[in-house]
Structures are given as C-alpha cells and as structure tokens.
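Here is how the chains run, residue by residue.
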Amino acid sequence: MRPFPVHLLSMEDLDAGQIAEVLRVSDSFAEVGRRASPKVPTLRGRTVATLFFEDSTRTRMSFETAAKRMSADVLSFAHGSSSIKKGESLRDTVETVEAMGIDAMIVRHASSGVPDRVARWVDHSVVVNAGDGAHQHPTQALLDCYTVREALGGGEDGLARFGGLRVAIVGDVRHSRVARSQIVAYAALGAEVTLVAPATLLPPSLEGWPVVAVEHDIDAVLPKADVVSLLRVQAERGSGVLLPSLREYTSGYGLTARCATMLQPGAVILHPGPLVRGVEIASEVAELPQSLITDQVANGVAVRMAVLFLLLGRDAHHGRLEEVPDRG
Amino acid sequence: MAERMPRASSPPPVVVRGGTVIDQRGRRRADVVLDGGLVTSVAERAEAPSRALVLDAGGCLVAPGLVDLHVHLRQPGREESETVETGARGAALGGFTAVVAMPNTEPPLDSAETVRTVLEIGRTVTCEVAVAGAITVGRRGERLSPMAELARLGVQLFTDDGTGVQSAGVMRRALQYATGLDVTLAQHCEDLSLSAEGAMHEGSWSSRLGVAGQPAAAEEAMVARDLVLAKDTGARIHFLHLSTAGAVDLVRRAKSEGLAVTAEAAPYHFTLTDGAVSGYDPVFRVNPPLRTLTDVEAVKHALGDGTIDAIATDHAPHAPEAKDLPFDQSPPGMLGLETALALALGELDLPPEQVFALMSWRPARIARLDAAHGGGQGGPLVPGAAANLCVVDPELPWQVDDRPPASRSRNTPYGGRRLTGRVRHTVYDGEPVVVDAEAQR
C-alpha cells in the first residue's frame, strides 16, 4: 500500500486502500469517543492549529475536538481578529504561525487552492484542507464514507458494499467542495455516482469526472438510489442568480416528504450541513430514521482523529504507533 | 517619432559586425554602420569609422528594433511594481526599441496632463514610449475621454484595456468619433456579464479546481459585437491579446471580408494552457486567461497565416505581495518583455522573417510608429533609416531566472525554463542600450 500522503489537500491524494485505512483507524477512534473519558495520549506534545479564514462552527469544533481527544495542544486562528485584517499577507500569517512550533495546520479558506499554497509554504507542518472555496473538503467525504459504511453494515473492512452502490448527489454541485470530494471518494470505492441538479448548478465541464449520469429529475433517481446526499444551495456563492427562485429549486430538487416516500427501504440520506430546512430538505425528512445527518456529525470527530493520527501520530521520530488505541 | 531630449554629446558611431540582416526586404549577410541616429551603411564588409564602437554580431540576426503594442508600465500610481524607466530597460533587454504604454495607471491616462507626463519621462529612457489613451474617462466605459486633445499629443491608439468597453452604444460612439481623428481603437474583449468573477478559463480545469471561470464566449461575444460596429462605422479596430479559437475565427472571417481590423496575441497564449493553474500559483493568473491546447493551436495557426498581425507582450508587472494572495484574489498579469522574442523564435515553428514581421514592422505600422507615419520603427535597414536595431543570437540557450529581470516585479510564468534565442545587443536611436545582453543604463 502507498504510504499516507504528507498533507491531506484533496480526496485525489488518497486511493481506495488509503481511504480504507482511514476508515479502519476511525473505528478505533470512534470507540475512544464512546468511553466515559474520551481521551487518548496519541498526540501529546504536538500542536495543532486551526486556521479558518472563512467562518465555520461545526468543522472547526469537530477538528478541535478531535485534536483535544488526542491530547494535542490546540491553537485557534480567528480571522476576524487577525493580522490579515491589518493587511498581513496570507503567506506571512502562515509562516508566523508555523514559527510558533506548529505540527499541523487545519486550513479553511473561501478561495480554492489556499491549502495547496500553504502546503508549499510550510517547512515542516502537515496541512489538512478543511474546505477551500469550491474545490475540496476531503474530511467531509471521508466521514460520509464512514457513515455510509456504518449504516449499510459493511463491517470492519466493509468496503465491498460500495461496489456498485448507487449514490445520488443532489443540488449545487457547481459551488460545492463537498461534492467534489465525495465524487472522488465514492468513485474510488467503486460506487456509481449520479449528479442531480439544474444545469446552472452543475460545473461548466464534467470532463474526466467519475460520474455515471447527470439527471435533472429527482423523481427519476430516488427510487433507484442507495444513498441520497444532499448539498446546500450556496446563495452566498452566487447560486441565487443561477436559479429563478429557491421555491422553484425546492419544487424540482428538494427532498420533500413526498419525495422521501419514493426511497427504497434501506436507502439513506446524508447532508453535510448546515441544513437549510424547507429548501433542499423538508424538516420532517431530516428527522426520518434513514437520515444520517446526526451520525455524520458524530463520526466527523472520529474520522478527523484518524486523519490527524495518520498524518502526525505515526511520525517515526515520535514513535507513537503503539499508542493506537485497541478496539474495545 | 517622439522627440528625444537633446544629448549633451552625440554618441559615437556604431558598427554591428558579422551578422545577418533580416528585415522586410529579406535576409542578407551585412555589417551595419550607425551614426547620428541613422543607419549610414549596410554592406557586406563595412569600414569602421574612427572612434566607432564595434558590436560583434557573429551568428546573430540583425533586425529592426522590436515594437511592443501592449505593455503596462504602472506609472503613475504603481511605481512599486514598475516605472517607465525600469519597463524601458526590460524592453531594451528584450530587443524592443518601442513600446505602447497602456492607460490603466492610477490615475488612468485619460487626460492630456497624465499622457504628457508619461511621454516626457519616456523621452529620457532606453526605448521609445508611445501612449495608448483611455477611450473613456476613468476607463469607466461611460463618457468619452478627450480623444482629440490626446490625439494632438501624438496618441494613435485608444483603449480601456484591463476591461473592455461594455456598452455597445458607447463603443459605437467612440468608433464614430475615432474616424474623424484618424486614430485606432483597441479593445480588450471581455463581456463582463459573461466572465463575471471568473479568475481562469472556464472549462475542465476550472471545474475541477473549483475556480470561477471566464468562458471563451465572454471574449468572442465582444469580438463579434465590435466587428459589427467596426463595419457599421468604418473605423479601424485593433483586438488586444486574442486568446480563443472562436475569436480567431471571427477575425479571420472579418479580414476576408476586407474589414479594417488588426489583432495581436500574447506569448503566454501560445506557450501556456489552463492546466498551468493546477497548483493555484497566482503567477499563472492573467486576463484573458490561459486557455486550452485547442486555443493555443488556433492562436499559433493565426500567427502563421496572418490573421493575427502582431505579438504583443501584455507585460503586466505586479509586486510580489500582490502575487502572495489566494489565486482568485491576486491581480491578473505576467511579465513578458524579456522572454517574448525567445518564445516566439522557439515555440511558433515560424521562420525568423515571420517572427520579426510579427514583432517589429507590423506592430510598428499598427502603432503608426513606422516611417510612413513619420516614425523610425520597423523599417528596412537601409542607409537613412532610423538607428533602431535588435541583434539576437537565435541559437543561444539561456535560463529565464539566471538573473533577476529589469522589472521591479518578479511575476514571470517562465521561471526555471530554458529558452533558446537571446537578445545580444539593442540599439535605440543610435545608442547601444544593451550590449552583450547587459543593459547599459
């Protein structure tokens, strides 16, 4: 198997074997999360910094919780009060933070490609992309895969269930870093990905994308889907002008109560959050048992622990491999 | 031709010895003698006048100085990125003896005062500096600039470059007005309602990278519109930095119909594709953006068949801090002056005669810096011609960043590249401003 990459910038950095490794290690950390005292010493003495140049609550908290459960010291860079506002360049900020002795930088930015640039600028830190523009959000895709595997009962090494699994990704693919990561991850595991979106919310070109179909009718897709993964309509990124109205979007692509009745038994619903109830998903649908939205959040911590472990914890210099918690 | 500052003492005569002269009349082995700002002799074996400076041109091509229709000299307003002086030094190192300065300075070159300032500085530097005036006040695309007043200062080209004139009505009015002044309008073709916030070419790479794209249609829609308007008004129009296969086809058709249209292409559009953006390095952000291989091939073909008349660098310096921003927040633009000739000689599969046509006499005519319009650029190297020369060794390999560029900025997309063909000497108005690839001042 290929060694785990130095940085996690894109799902394209991982092959199927490496995704499987993340999910396996996540199992161990999920067990840690269920303990009365959910903490292990794996990253004691290491420092993890979250550099969020774009607002986010859930992803930052998820990463910080993950790092703290592994006993890392956690530094938080809040862009609202930072030197960036005083005119400091992104590069200077990154170099300053690294000079404080950081081991890992968790980077989120509204501009695509910033984590790639940061990874070029750093000297020794590892970089984790926590979402960049409309580019990638690899840990979200990993936690989605983990959640699907758990729900479909694939078992410990249960990636076989992904072979031929029919995944429908519904909504604003054009602006979605989540979709770009999901598509790569699901396809790497052998799933068949169908995109469901109005033409204006699709990327201008799908050349080279591992998708089997593009549909403009959610009704045609739902009865055949094993996984329905919804995306938020990102009005702040310009989706507004690409649609006549949110109401028209909901009528064609929203997962309404009526639509939910078309799902086959055992099909599951995912959403990366934050939910815009009443637009891409009806409130009552979000509460259905086959909706895995809360599981995604819970699994996010374990998967991010696994990613930090694989990037940092196995560092030969620190020799922490023996401290991988055993499965309970 | 621009008047130059009177010299304290006239420079010594110059003999360019041992090269192959190449100009509109073809190619021949000849020494060239320059004196008093003019070519005095072109002969197979010229006697060196007393106290003459002899420049060795063995193995070199000796051509009329190159003319760049499109440079951003950043003065006034952005002197941390470039000045007229540093830009002219880069131009000389690239073999150019004349450049046309774009008006998107701060303030823009939309008034007699600012134009006069740039022209005055230009008289003291190492190449001729012509100015393109803004079409509209503040380059806002609304009210026409004082075009007649600027034309009286010698402005021959007008453009709002950086943006195109968005309103068809304003552009039509500008074209009509231009016909009365016998000047040329130059358009940056980009319909902003189509390109919106795009930071790179819209296509498979932009989709994968998650960067908002500028579709080829944004350029082509404005080219098509302006061809209609040019035909309607009878005005001369020049298209800046054409970059798409579709735009090139539109111009080819218009030329076959006899329309008074000219076009240029930038070296980056025939040497780089949008795949270069894959690492999000802002040095590859430029406008019009790097396009696909199909577009690159179309631009090359159009340079070969005459659809595109000139190679212009679109030299656009940006200070390093501006290029340390995220890709989509960094300003578009690349350095171009010092690499253009080598790229044209090396990447176009065209004979040198055609490369010099694209870089010297055809752009000289478009800018009206040629002898027919009282200027001294691009003409055949015969006794009596202006002493503007580019001497290039077409076989000499060099590394782009083997030394810093003359520019105050560093944003070349060709860092680390090995190119073939190096400018050895440049003579401007009889003065050797570059000797053995070193700027003399």
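The model shown is predicted, which means the values in this text are computed figures rather than measured ones.

Below, the discussion takes up the overall build of chain A. Along chain A, the regular secondary structure elements total 12 helices and 9 strands. Here the C-alpha atoms of chain A give a radius of gyration of 19 Å, agreeing with the 20 Å that 2.2 N^0.38 yields for 328 residues. The principal-axis extent of the C-alpha atoms belonging to chain A is close to 55 × 50 × 35 Å. Residues classed as buried in chain A amount to 58% of the 328 residues present. For chain A, contacts bridging at least 24 residues in sequence account for 72% of all contacts bridging at least 6. Summed over all atoms, the accessible surface of chain A reaches about 12,900 Å², with 51% contributed by carbon and sulfur.

Summing up its helical and strand segments, chain B has 12 helices and 21 strands in all. Rg of the C-alpha trace for chain B: 21 Å, near the compact-globule value of 22 Å for 441 residues, within the 12% margin. When its C-alpha atoms are laid out on the principal axes, chain B stretches across 65 × 45 × 45 Å. Put simply, chain B has 441 residues, and 61% of those count as buried. Summarising the internal contacts of chain B: among those between residues at least 6 apart in sequence, 74% fall at separations of at least 24. Roughly 15,400 Å² of accessible area belongs to chain B as shown, and the carbon and sulfur atoms make up 50% of that amount. Of the side-chain charges in chain B, 42 are positive and 56 negative, and the distance between the mean point of each set is 3 Å.

It is worth spelling out the sheet that holds strand β18 (residues 389-399) of chain B at this point. All names here are of chain B. Read across the sheet, 7 strands follow the order β3-β2-β7-β18-β19-β20-β21 without closing on themselves; strand pairing throughout is mixed. One side of each edge strand has no neighbouring strand; the edge strands of this open sheet are β3 (26-29) and β21 (438-439). Bridging between β18 and strand β19 (residues 418-428) involves 8 bridges; their strand directions are antiparallel. For Cys 390, the partnering residue across the bridge sits in β19 and is Thr 426.

Residue and element names in this part refer to chain B. With the rule as written, the count across this model stands at 4 cavities of 30 Å³ or more. Roughly 100 Å³ of volume is contained in the largest cavity. Leu 93, Glu 338, Trp 398, Arg 422 and Val 423 are, among the 13 residues lining the largest cavity, the residues nearest its centre. Taken together, the residues of the lining of the largest cavity break down into 8 nonpolar, 2 polar and 3 charged. Each of domain 1 (14-62 + 382-439) and domain 2 (64-373) contributes no fewer than three residues to the lining of the largest cavity.

Turning our eyes to something else, we now look at the domain arrangement of chain A. Buried accessible area, meaning the area lost when the parts come together, often serves as the stated size of an interface. All names here are of chain A. Split by domain assignment, chain A resolves into domain 1 (11-136 + 297-323) and domain 2 (138-295). Placing a centre on the C-alpha atoms of domain 1 and another on those of domain 2 gives a separation of 25 Å. Of the residues lining the interface, 33 residues belong to domain 1; the matching set on domain 2 comes to 31 residues. Carbon and sulfur atoms make up 60% of the area that domain 1 and domain 2 hide from each other, which totals about 2,500 Å². Along the contact surface separating domain 1 from domain 2 lie 2 salt bridges. A salt bridge links Arg 149 to Asp 27; the nearest nitrogen and oxygen atoms lie 2.6 Å apart. For the interface between domain 1 and domain 2, the tally reads 17 residue pairs in polar contact (both at pLDDT 80 or more). Those elements giving two or more residues to the side of domain 1 that touches domain 2 turn out to be α1 (16-33), α2 (58-69), β3 (104-109), β4 (126-132) and α12 (293-313).

This part is about unusual backbone geometry. The omega torsion across Gly273(A) and Pro274(A) is -10°, close enough to zero to call that bond cis. Along the chain, Pro274(A) turns up in the loop between β9 (268-270) and α11 (283-286). In this chain, Glu106(B) is followed by Pro107(B) through a cis amide linkage whose omega measures 0°. The topology assignment puts Pro107(B) in the loop between β9 (96-101) and α2 (112-122).

Residue and element names in this part refer to chain B. On the basis of which strands lie adjacent, the open sheet formed by 4 strands has the order β5-β4-β1-β6 and mixed pairing. Here the strands that pair on one side only, and so sit at the sheet edges, are β5 (38-43) and β6 (53-56). Taking the axes of each pair of neighbouring strands and ignoring which way they run, one obtains an average angle of 20° across the sheet. For strand β1 (residues 14-17) and strand β4 (residues 31-35), the ladder comprises 3 bridges, and the chain directions are antiparallel.

Residues and elements named next belong to chain A. One pass over the full model with this rule turns up 4 aromatic pairs over all chains. Geometrically, the ring pair formed by Tyr 249 and Tyr 253 is stacked, given 5.6 Å between the ring centres and 20° between the ring planes. In this pair, Tyr 249 and Tyr 253 are both assigned in helix α9 (residues 246-253), 4 residues apart and thus about one turn of the helix distant. An identical accessibility class is assigned to Tyr 249 and Tyr 253; each is buried. The aromatic ring of Phe 63 is capped on one face by Arg 304, whose charged end is 4.8 Å from the ring centroid.

Here we come to the interface of chain B and chain A. Opposite the 16 residues of chain B that make contact, chain A presents 20 residues. A buried area of about 1,500 Å², summed over both sides, lies between chain B and chain A, and 50% of it is on carbon and sulfur atoms. Our count for the contact surface shared by chain B and chain A stands at 3 salt bridges. Taken together, the links from chain B to chain A amount to 7 residue pairs in polar contact (both at pLDDT 80 or more). Partitioned by chemical class, the residues of the side of chain B that touches chain A number 5 nonpolar, 6 polar and 5 charged.

What follows concerns the domain arrangement of chain B. All names here are of chain B. When the domains of chain B are assigned, the result is domain 1 (14-62 + 382-439) and domain 2 (64-373). In this structure, domain 1 and domain 2 have C-alpha centres spaced 26 Å apart. The contact between domain 1 and domain 2 buries some 3,300 Å² in all, and 65% of this surface belongs to carbon and sulfur atoms. Broken down residue by residue, the surface that domain 1 buries against domain 2 is led by Arg 408, Asn 411 and Tyr 414, which jointly contribute 20%. On inspection of domain 1 and its partner domain 2, the count reaches 2 salt bridges.

Residues and elements named next belong to chain A. It is at 8 Å that the axes of helix α5 (residues 138-152) and helix α6 (residues 177-188) come closest, and there the two elements cross at 50°. Relative to α6, the element α5 lies oblique. Viewed along their axes, α5 and α6 form a crossing whose handedness is right-handed. Residue-level contacts link Pro 138, Gln 140, Ala 141, Asp 144, Cys 145 and Val 148 of α5 to Val 178, Ser 181, Gln 182, Ala 185 and Tyr 186 of α6. Among the residues forming the contact of α5 with α6, the class breakdown is 7 nonpolar, 3 polar and 1 charged.

Cut-off values and rules
Residues numbered from 1 in each chain as written. Chains lettered and ligands numbered in written order. Predicted model: local features only at pLDDT ≥ 70, side-chain atom pairs only at ≥ 80, totals over all residues. Heavy atoms only, no water. Helix = DSSP H or I, 4+ residues; strand = E, 2+ residues; numbered from the N terminus. Rg over C-alpha atoms; globule rule 2.2 N^0.38 Å. Buried < 20%, exposed > 50% of the residue type's maximum accessible area, 1.4 Å probe, protein only. Contact = heavy atoms within 4.5 Å. Areas by Shrake-Rupley, 256 points an atom, 1.4 Å probe, with all protein chains shown as cover. Lys, Arg positive; Asp, Glu negative; His and termini not counted. Charge placed at Lys NZ, Arg CZ, Asp CG, Glu CD. Pairing = 2+ DSSP bridges. 1 Å grid on protein atoms, 1.4 Å probe; cavity = no way out; pocket = protein on both sides within 12 Å on 5 of 7 lines; lining within 4 Å. Points joined across faces, edges and corners; volume = space filled by probe spheres on them. Nonpolar A, V, L, I, M, F, W, Y, C, P; charged D, E, K, R; others polar. Domains from an automatic or database assignment. Buried area = accessible area lost by both parts, 1.4 Å probe. Salt bridge = Lys/Arg side-chain N within 4 Å of Asp/Glu carboxyl O. Polar contact = N/O pair within 3.5 Å; in protein donor to acceptor, adjacent residues only side chain to side chain. Axes fitted to C-alpha atoms, helices over the stretch in contact; angles between N-to-C directions. Phe/Tyr/Trp six-rings, centres within 6.5 Å; stacked < 30°, edge-to-face > 60°. Lys NZ or Arg CZ within 6 Å of the ring centre and 35° of its normal. Parallel < 35°, antiparallel > 145°, perpendicular 65-115°, else oblique. Left-handed = near helix turned anticlockwise from the far one by under 90°.

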